[in-house]
Amino acid sequence: MITSVLPTYNRAPLTFVKGAGSWLEEADGRRFLDLGAGIAVNSLGHAHPALVENLTQQAQNLWHVSNLYQIPAQQALADALVDKTFADTVFFTNSGTEACELAVKMARKHFYDAGQPERVKIITFEGSFHGRSAAGIAAAGSEKMTKGFGPLLPGFVHLKWGDHDALRAAAAESDVAGILVEPVQGEGGIRPLPDACLKGLRDLCDEHGILMMLDEVQCGVGRTGKLFAHEWAGVSPDIMMVAKGIGGGFPLGAVLATEAAANGMTAGTHGSTYGGNPLACAVGNAVMGIVAEDSFLADVNRKAGLFRQKLEGLVAAHPEVFEEVRGTGLMLGLKCKAVNADVVKAGYDAEVLTVPAADNVIRILPALTITEDEISEAVARLDKAASALGA
Ligand code: PLP
């Protein structure tokens, strides 16, 4: 049945009217502990004072001018990202999907301008998610995302997770532009790529002169305990997609790149009306000002260790509901034995929010500002949910 909002979402019967930190208040007054953070978006929780302050100040002055003009807040955010990462340059988008579109265009243009126009193919991996646009679904390639939406954008090679022989063979082809991967698959079920694999991918890209493209839309911006997840492996990409956490709840995404990778993207080759607008960048600057601090990231790591330890205990206590804890930092997952959607639903009754993912996993992506007490409370509520399911 058609509804006034196009019915593409399966929504829970919950209506939140207010948020503060890790808590969401339902219209009926119930308080939910939010372990989903709007799918890894509310990196600093709900209504963080610094974000509210920057946003309202900007809103009182200037909302939007377009990229026809200078935008100081955008320049400041680009400078901060360049300062803290491998990148030499940044393009701002409104979402992760748009970042994917540009990442693909940038890689192809790089080789086109280098006199290798045949290098158009991007290698991607099973279980990946890069957004729902034409390039995003073609990149992921799964039937679930692509069925009925053909003809698909050509030029993607889909490989099985962990099939090193296939990867070596594919990367050696002369029409490959890059390898695109999430350092930690989110939608795919919280599957971290081991550091050694990320290093191996870097070596493979260098060996064949192709671009390493990372999708850190879900795992970036402090979520794994480093500003960006690839830093754990001690390697850096050529192109990186960012979104979600960088805007803390305000639509904002970005493509970060080295000068060499971005060299084809000259004036007039790409654009966005809203991308990097003053409101979004005011919030992005507030997020970066907090998340990029070493002390903040150290705290994320400490809390992540605690959360993980408590979740291991939860899994041990409910072997009929849970199979294992997965993930890294505050990007955690519980592989379920029960149906993951049922576990999420039992969580609603226990007033704790989690997010389902592929591979029968529930995702735990709390605000990075979650407190130790809230972690204990979260596990107590998950325990309640599991007990209700197991009963
Ligand atoms: N890439 C990854 C890894 C994601 O997790 C997502 C969204 O879940 C996207 C891209 C698409 O981002 P957006 O929904 O902001 O367009």
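See the structure printed just above.
Just so we're clear, the structure is a prediction, and the values are computed from it rather than from any experiment.

**Considering the sheet that holds strand 2 (residues 23–26)**
Within the open sheet, the 4 strands sit side by side as 1-2-3-15. Their pairing is mixed. Each having just a single partner strand, strand 1 (16–20) and strand 15 (352–353) make up the two edges of the open sheet. Of the strand pairs in this sheet, strand 1 and strand 2 are connected by 4 bridges, and their pairing is antiparallel. Pairing of Gly19 across the sheet is with Leu24, part of strand 2. Packing of helix 12 (residues 372–390) onto the sheet brings it into contact with strand 2, strand 3 (31–34) and strand 15, and relative to strand 3 it is tilted by some 105°.

**Focus on the packing of helix 7 (residues 164–171) against helix 8 (residues 195–208)**
Helix 8 packs onto helix 7 with a crossing angle of 25° between their chain directions and a minimal axis gap of 10 Å. Considering the angle they form, helix 7 stands roughly parallel to helix 8. Crossing of helix 7 over helix 8 shows right-handed handedness. Along its contact with helix 7, which presents His164, Leu167, Arg168 and Ala171, the element helix 8 presents Cys197, Leu201, Leu204, Glu207 and His208. Residues of the contact of helix 7 with helix 8, tallied by class, amount to 5 nonpolar, 2 polar and 2 charged.

**What to know about the site of the ligand**
In the region of the ligand, the neighbouring residues are Ser95, Gly96, Thr97, Phe129, His130, Gly131, Glu182, Glu187, Asp215, Val217, Gln218 and Lys244. In the model, an oxygen atom of the ligand is placed 2.7 Å from a nitrogen or oxygen of the Gln218 side chain. A distance of 3.2 Å separates an oxygen atom of the ligand from a polar side-chain atom of Lys244. Relative to its unbound accessible surface of 390 Å², the ligand loses 83% to contact with the protein. Partitioned by chemical class, the residues of the shell around the ligand number 2 nonpolar, 6 polar and 4 charged.

**A short note on empty space enclosed by the protein**
Within this structure, the stated rule accounts for 1 cavity of 30 Å³ or more. What the largest cavity holds in volume is close to 30 Å³. Looking at the largest cavity, the residues that line it are Ala40, Ser43, Gln218, Gly220, Val221, Arg223 and Gly245. The class makeup of the residues in the lining of the largest cavity is 2 nonpolar, 4 polar and 1 charged.

**Topic: the sheet that holds strand 17 (residues 361–364)**
For sheets, the rule is that strands pair by backbone hydrogen bonds, running either parallel or antiparallel. Strand order across the open sheet formed by 4 strands is 13-14-17-16, with antiparallel pairing between neighbours. Among the strands making up the open sheet, the edge pair consists of strand 13 (322–328) and strand 16 (355–357). Averaged over all neighbouring strand pairs, the angle between strand axes comes to 30°, with direction disregarded.

**Observations regarding the nonpolar core**
Membership of the largest hydrophobic core comes to 80 residues, with the highest contact counts inside it found for Phe307, Leu311 and Phe322. It is helix 10 (residues 294–317) that provides the largest number of residues to this core, a total of 8 residues. If we skip the residues at most four places from it in the chain, Leu311 touches Val325, Leu332, Leu334, Ile364, Val379 and Leu382. Ranked by size, the runner-up nonpolar core spans 24 residues in total, among them Cys100, Leu102, Leu180 and Ala262.

**Structural notes on helix 4 (residues 96–113)**
The end-to-end C-alpha distance of helix 4 is 25 Å, a good match for the 26 Å that 18 residues give at a rise of 1.5 Å each. Buried within helix 4 are the following residues: Gly96, Ala99, Cys100, Leu102, Ala103, Val104, Met106, Ala107, His110 and Phe111. At the N-terminal end of helix 4, a side-chain oxygen is found 3.5 Å from the backbone nitrogen of Thr97, two or three residues along, and the residue is Ser95. Immediately beyond the C-terminal end of helix 4, within one or two residues, lies Gly115, with a positive phi of roughly 80°.

**Topic: the layout of surface pockets**
Over the atoms rolls a probe the size of a water molecule, and in doing so it shows where empty space is left. Considered as a void within the structure, the second largest pocket measures approximately 700 Å³ in volume. Around the second largest pocket, the lining comprises 27 residues; the ones closest to its centre are Gln74, Thr89, Val90, Phe91 and Phe92. Taken together, the elements giving at least two residues each to the lining of the second largest pocket come down to helix 3 (72–84), strand 4 (89–93) and helix 4. Top contributing element to the lining of the second largest pocket by residue count: helix 3, with 5 residues. The class makeup of the residues in the lining of the second largest pocket is 14 nonpolar, 12 polar and 1 charged.

**Observations regarding the packing of aromatic side chains**
Using the criterion set out here, one finds 1 aromatic pair in the structure. On the numbers, 5.4 Å between centres and 75° between planes, the contact of Phe16 with Phe32 is edge-to-face. Linking Phe16 in strand 1 with Phe32 in strand 3, this pair joins segments that are 16 residues apart in sequence. Phe16 gets classed as partly exposed once you look at its relative accessible area, which sits at 29%. Since its relative accessible area comes to 0%, Phe32 is described here as buried. Residue placement shows Arg108 over the ring face of Phe156; its charged tip is 5.6 Å from the ring centre. Note that Arg119 overlies the ring of Phe111, its terminal NZ or CZ placed 5.7 Å from the centroid.

Scoring rules and cut-offs
- Residues numbered from 1 in each chain as written.
- Predicted model: local features only at pLDDT ≥ 70, side-chain atom pairs only at ≥ 80, totals over all residues.
- Heavy atoms only, no water.
- Pairing = 2+ DSSP bridges.
- Helix = DSSP H or I, 4+ residues; strand = E, 2+ residues; numbered from the N terminus.
- Contact = heavy atoms within 4.5 Å.
- Axes fitted to C-alpha atoms, helices over the stretch in contact; angles between N-to-C directions.
- Parallel < 35°, antiparallel > 145°, perpendicular 65-115°, else oblique.
- Left-handed = near helix turned anticlockwise from the far one by under 90°.
- Nonpolar A, V, L, I, M, F, W, Y, C, P; charged D, E, K, R; others polar.
- Near = heavy atom within 4 Å.
- Polar contact = N/O pair within 3.5 Å; in protein donor to acceptor, adjacent residues only side chain to side chain.
- Areas by Shrake-Rupley, 256 points an atom, 1.4 Å probe, with all protein chains shown as cover.
- 1 Å grid on protein atoms, 1.4 Å probe; cavity = no way out; pocket = protein on both sides within 12 Å on 5 of 7 lines; lining within 4 Å.
- Points joined across faces, edges and corners; volume = space filled by probe spheres on them.
- Core = buried A, V, L, I, M, F, W, Y, C linked by side-chain atoms within 4.5 Å.
- Buried < 20%, exposed > 50% of the residue type's maximum accessible area, 1.4 Å probe, protein only.
- Expected span 1.5 Å × (residues − 1).
- Phe/Tyr/Trp six-rings, centres within 6.5 Å; stacked < 30°, edge-to-face > 60°.
- Lys NZ or Arg CZ within 6 Å of the ring centre and 35° of its normal.

So yeah, pure geometry; function would need other evidence.
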